[in-house]
Amino acid sequence: MTPLIDPFARAISYLRVSVTDRCDFRCTYCMTEHMEFLPKKELLTLEELDRLCSAFVRMGVEKLRITGGEPLVRRGIMTFFQAMSRHLETGALKELTLTTNGSQLGRFAKDLAAAGVRRVNVSLDTLDETKFARVTRWGRLPQVLKGIEAAKAAGLKVKINAVALKGFNEDELFRMVEWCAAEGHDLTFIEVMPMGDMGEADRLDQYWSLEDLRSRLAEHYTLIHLAERTGGPARYVQLEETGQKIGFITPLSHNFCESCNRVRLTCTGELYMCLGQEDRADLRAPLRASEDDAVLASAIRAAIARKPKGHDFDYSRQTIAGQTLRHMSHTGG
Ligand code: SAM
Ligand code: SF4
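Cut-offs used in this document
- Residues numbered from 1 in each chain as written.
- Chains lettered and ligands numbered in written order.
- Predicted model: local features only at pLDDT ≥ 70, side-chain atom pairs only at ≥ 80, totals over all residues.
- Heavy atoms only, no water.
- Axes fitted to C-alpha atoms, helices over the stretch in contact; angles between N-to-C directions.
- Helix = DSSP H or I, 4+ residues; strand = E, 2+ residues; numbered from the N terminus.
- Parallel < 35°, antiparallel > 145°, perpendicular 65-115°, else oblique.
- Left-handed = near helix turned anticlockwise from the far one by under 90°.
- Contact = heavy atoms within 4.5 Å.
- Nonpolar A, V, L, I, M, F, W, Y, C, P; charged D, E, K, R; others polar.
- Salt bridge = Lys/Arg side-chain N within 4 Å of Asp/Glu carboxyl O.
- Buried < 20%, exposed > 50% of the residue type's maximum accessible area, 1.4 Å probe, protein only.
- Near = heavy atom within 4 Å.
- Polar contact = N/O pair within 3.5 Å; in protein donor to acceptor, adjacent residues only side chain to side chain.
- Areas by Shrake-Rupley, 256 points an atom, 1.4 Å probe, with all protein chains shown as cover.
- Expected span 1.5 Å × (residues − 1).
- Arc of directions from axis to C-beta.

## What to know about the packing of helix α3 (residues 105-114) against helix α5 (residues 141-153)
- It is the contact of α3 with α5, at a shortest axis distance of 8 Å, that shows an interaxial angle of 15 degrees. Here α3 lies roughly parallel to α5, going by the angle between them. Of the two possible hands of crossing, α3 and α5 adopt the one that is right-handed. Here α3 contributes L105, G106 and A109 to the contact with α5, which in turn contributes G147, A150 and A151.
- For the contact of α3 with α5, the residue count by class is four nonpolar, two polar and no charged.

Right under this line is the structure:
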């Protein structure tokens, strides 16, 4: 089948799939405390998710990242991972992975490894138990740390994703770096993005530029720039002293959309061609319209033909531009 190429000649080889909008945490930058979730009947079934992901794999998607909400709270999700492993076996899919808050890894790490998952991204913004409870509202740090241990024990490579939050984890920069070095985890920092209506004041208060974070790192370590690119917005350095890799996702202070290779599917079957834009294509209707995947395939192609050049997030001049009303948990971070 012809691969998916967008109007800017970018090949789409990476699909992120949100399998639920629900979560067992309520992180302050991601959700409000009393979030309303979609009625369960709005969600794609696991069989529909399988059909959709398989269609993308046939059209050249080589990397599938499962996310949410919290993907591991979706009932029966292991069946879906097990089903996707058939695409790893044929070699069509090169990587099956997930982004998780880690709370359920204790239960599922072994099954994930058995389904062919090799790496997990675990979101962790602080190593302080009290601060962890504050930022996640409902999360408990010891449970997550146990989950990370279980992942390691199952042979999964762990990458820690930390959102850089002004006045919150600034003082833990070196502690996080040292902990990741000791545990053998890669570490990526993310700038907080204006997604979901949480009040303008909050966002600007939370924003800690990674340029600043990076210069603080450079005061203690020698940073070696790595040319490595994943087609995503992350840029990497290696710390000469420890050998560890540190990533920076800087949608605000830099814009790296030109090499974007990804699209995102929500748990209701909407395809977002860009995380930072509102345009989307409904794939649920074509999916349900026919058992033959031809209708679905042409809907996917039509959507990719509309992929925009990039996002419009901008925090300059102390106002927020390009904000989306959608929460990250809806599109899948
Ligand atoms: N629940 C899983 C988790 O927390 O890893 C997966 C979904 S979560 C939406 C994916 C990632 O998005 C997490 O690393 C989270 O920190 C990040 N995130 C959520 N809201 C964000 C925001 N407004 N700006 C930047 N990152 C955000
Ligand atoms: Fe849940 Fe992840 Fe959002 Fe936190 S960042 S509320 S863990 S979806």
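From this point on, the discussion continues.
## A look at the pattern of salt bridges
- This structure, assessed with the given rule, holds 17 salt bridges.
- Between R51 and D293 there is a salt bridge, and its shortest N-O distance comes to 2.8 Å. Taken together, the residues span a long stretch of sequence, with R51 in helix α1 (residues 46-58) and D293 in helix α10 (residues 293-304) at a distance of 242 residues.
- Residue class for R51 comes out partly exposed when judged on its relative accessible area of 24%.

## Brief notes about the site of ligand 1
- Around ligand 1, 17 residues are found, and the nearest of them are Y29, G69, T100, S123 and M193.
- In the environment of ligand 1, an oxygen atom lies 3.2 Å from a nitrogen or oxygen atom belonging to the backbone of T100.
- The contact in question runs from an oxygen atom of ligand 1 to an N or O atom on the side chain of S123, over 2.5 Å.
- Computed on the free molecule, ligand 1 has an accessible area of 550 Å², of which 96% lies beneath the protein chains in the complex.
- For the shell around ligand 1, the class distribution of residues is six nonpolar, eight polar and three charged.

## Focus: unusual backbone geometry
- The residue A9 is not glycine, and still its phi comes out positive at about 65 degrees.
- By the element assignment, A9 lies in the segment before β1 (14-18).
- Of note, R137 is a non-glycine position whose phi angle comes to about 60 degrees, a positive value.
- Its location among the elements puts R137 in the loop between α4 (129-136) and α5.

## Topic: α5
- Taking 1.5 Å per residue as the helical rise, α5 with its 13 residues ought to reach 18 Å, and the 18 Å between its terminal C-alpha atoms agrees with that figure.
- Within the span of α5, buried status applies to L141, V144, G147, I148 and A151. Projected down its long axis, α5 shows its buried positions confined to an angular sector of 120 degrees, all on one face. Among the exposed residues of α5, those oriented more than 90 degrees off its buried face are K146 and A153.
- In this fold, the buried residues of α5 make contact with α3, β4 (119-123), α4, β5 (157-164) and α6 (173-183).
- At the C-terminal side of α5, G155 shows a positive phi close to 90 degrees.

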